[in-house]
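What the coordinates show
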Amino acid sequence: MTVESVQPEASLAPELREPSRAGGGVPFLGHGWKLVRDPLEFMSRLRDDGDVVRLKLGPKTVYAVTTPELTGALALSNDFIIAGPLWESLEGLLGKEGVATANGPVHRRQRRTIQPAFRLDAIPAYGPIMEEEAHALTERWKPGETIDCTSESFRVAVRVAARCLLRGDYMDERAERLCVALATVFRGMYRRMVVPLGPLYRLPLPANREFNRALADLHLLVDEIVAERRASGQKPDDLLTALLEAKDDNGDPIGEQEIHDQVVAILTPGSETVASTIMWLLHMLAEHPEHADKVCEEVEAVTGGRPVAFQDVRNLRHTNNVVVEAMRLRPAVWILTRRAVRETELGGYRIPAGADIVYSPYAIQRDAKSYERNLEFDPDRWLPDRVKDIPKHAMSPFSTGNRKCPSDHFSMAQLTLITAALATVYRFEQVAGSNAATRVGITLRPHDLRLRPVRR
């Protein structure tokens, strides 16, 4: 229900509560200081202050939502749109005309354009590419050599996305450029989100220059991909062809900027989140060899000893649960924002029109009120007889509602297949100099994970 939908004489105003303000703010920066210093701990403790609490990020008041029920209500309500500090910071990368940042009729049209590429019945066509890339990892890695998990995870994530959705011969060199540029861009965008200092980010400081160079290279990369496809005259049945032939609401071809922004939205955030998840899966396989062994046993039971294939994914239940549990504990997307389009309420709290809302999937998915032994890596919690005890919306790695990630099945298939392929060939050991501490940016990933594969 919205305040706007109620007749004036029956106003809910006396009944709605004002959210309390979180403690610990400092002058000028407000709670942005804590979000810079230890954001995961800060967001995880907010539920102790209430279901909805007020934060100060610089001069802005932001409302934080802390419970599964209310994050679900937020995602499903038409009173809130994609907007706020996170999306404003992402616009420098994703633009304003891509499916990730658009709202309303434009977003619905864009979803209709890209959705066929991610239909459940379309995904098996990508199976051979996913298999090839998963097994290429096992062949490229040499037992006893140290793996740079960051670059390797980005490489396979970008190659799968590019080969399945954009169909071009521009994998290796551009994947390396993307890996380097994304690390810089996402780090800079996170700073701009939590400490919104506006004009200061336009000063010619070293960090700003580095950010601008990386951002320019990302956009140049996308322009190269689109230009090469146009010049080739080819029209493979992929997402890029769908974009180049898409029409707007007037029946005219969509603009060049929208095509550019759509390709960016397809290639970069998806690669970043999938790559981050692969890194955490590698870390989990090294940290929990008992589950790595169980994955190996399951794969061998399903395949009879042949190389794991895409067709096996649906039968790899424990492997799938390992992926889901890794995503629960270490979600790539750890913070999300929305904006109220009208004065409304959430959980009995008044939310002003134009207010920014923030919530943390990381905090929600680790909350002791939702999960028994909440910090323990336990893939078996997703077995049918146990999963029923987990509250609704306490685990939404691909979001929900009309903003649900369209590539959820695509991503789960490749993550399960990669995990199965790696665990059946190798065990993994930590090496000196590896740093698996969480690196916080727009996404979460290990700071500098390095592992040694040991052949089984």
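Up top you'll find the structure we're talking about.
A quick note: this is a predicted structure, and the numbers were derived from the prediction, not measured. (Residues numbered from 1 in each chain as written. Predicted model: local features only at pLDDT ≥ 70, side-chain atom pairs only at ≥ 80, totals over all residues. Heavy atoms only, no water.)

Looking at the nonpolar core
Formed by 91 residues in total, the largest nonpolar core has its most connected members in M130, W141, L165, L282, F410 and F428. Considering every element that reaches this core, the biggest residue donor is helix α11 (residues 256–287), with 14 residues. If sequence neighbours within four positions are ignored, F410 has contacts with F118, I123, Y126, M130, V160, C164 and L165. Grouped together as the second largest cluster of nonpolar side chains are 17 residues, L35, F42, L55 and V62 included. (Core = buried A, V, L, I, M, F, W, Y, C linked by side-chain atoms within 4.5 Å. Buried < 20%, exposed > 50% of the residue type's maximum accessible area, 1.4 Å probe, protein only. Helix = DSSP H or I, 4+ residues; strand = E, 2+ residues; numbered from the N terminus. Contact = heavy atoms within 4.5 Å.)

Looking at the sheet that holds strand β1 (residues 20–21)
Taken together, the 6 strands give an open sheet; going across it, the order is β1-β2-β3-β9-β6-β4, and neighbouring strands pair in mixed fashion. Of all strands in the sheet, those with a lone pairing partner are β1 and β4 (80–81), marking the two edges. Relative to strand β9 (residues 356–359), strand β6 (residues 336–340) runs antiparallel, the two sharing 4 bridges. By the bridge assignment for β9, T337 is matched with V358. The strands touched by helix α3 (residues 68–76) within the sheet are β2 (52–57), β3 (60–65), β4, β6 and β9, with β9 carrying the most contacts at an inclination of about 135°. (Pairing = 2+ DSSP bridges. Axes fitted to C-alpha atoms, helices over the stretch in contact; angles between N-to-C directions.)

Examining a nonpolar patch on the surface
Residues L200, L203 and L205 make up a contiguous nonpolar surface patch of about 250 Å² in total accessible area. Examined against the element boundaries, L200 turns out to sit in the loop between α8 (172–194) and α9 (206–232). (Patch = residues over 30% accessible without salt bridge, like charges linked within 9 Å, V, L, I, M, F, W, Y side chains within 5 Å. Areas by Shrake-Rupley, 256 points an atom, 1.4 Å probe, with all protein chains shown as cover. Salt bridge = Lys/Arg side-chain N within 4 Å of Asp/Glu carboxyl O.)

Examining the pairing of β6
Here β6 lies mainly inside the structure; 4 of its 5 residues are buried. Here β4 runs beside β6; their pairing, made up of 2 bridges, is antiparallel. By the bridge assignment for β6, I81 is matched with R339.

Re the sheet that holds strand β10 (residues 426–430)
The pairing of strands in a sheet comes from backbone hydrogen bonds and takes either a parallel or an antiparallel form. Read from one edge to the other, the open sheet built from 3 strands follows the order β5-β13-β10, with strand pairing classed as antiparallel. The open sheet terminates on both sides in strands that have one partner only, identified here as β5 (147–148) and β10. Examined bridge by bridge, β5 and strand β13 (residues 450–455) share 2 bridges and lie antiparallel to one another. When the sheet's bridge partners are listed, I147 is paired in β13 with L451.

A word on the environment of D238
Along the chain, D238 turns up in the loop between α9 and α10 (239–244). By relative accessible area, which is 6% here, D238 ends up buried. Residues D238 and E376, spaced 138 residues apart in sequence, show a C-alpha to C-alpha distance of 40 Å. Within the structure, the side chain of D238 is placed 2.8 Å from the side chain of R229, a separation counted as a polar contact. (Polar contact = N/O pair within 3.5 Å; in protein donor to acceptor, adjacent residues only side chain to side chain.)

Notes on the pattern of salt bridges
The final tally for this structure, using the stated rule, is 32 salt bridges. Across the salt bridge formed by R229 and D238, the nearest N and O atoms sit 2.8 Å from each other. In this pair, the class of R229 matches that of D238, namely buried.

Examining the packing of helix α6 (residues 127–140) against helix α16 (residues 408–425)
Two elements in contact, α6 and α16, have axes whose closest approach is 9 Å; the angle formed by their N-to-C orientations is 30°. Our pair here, α6 against α16, has a crossing hand that is right-handed. The residues of α16 that touch α6, namely those facing M130, E131, A134, H135, L137 and T138, are F410, A413, Q414, L417, I418, A421, L422 and V425. (Left-handed = near helix turned anticlockwise from the far one by under 90°.)

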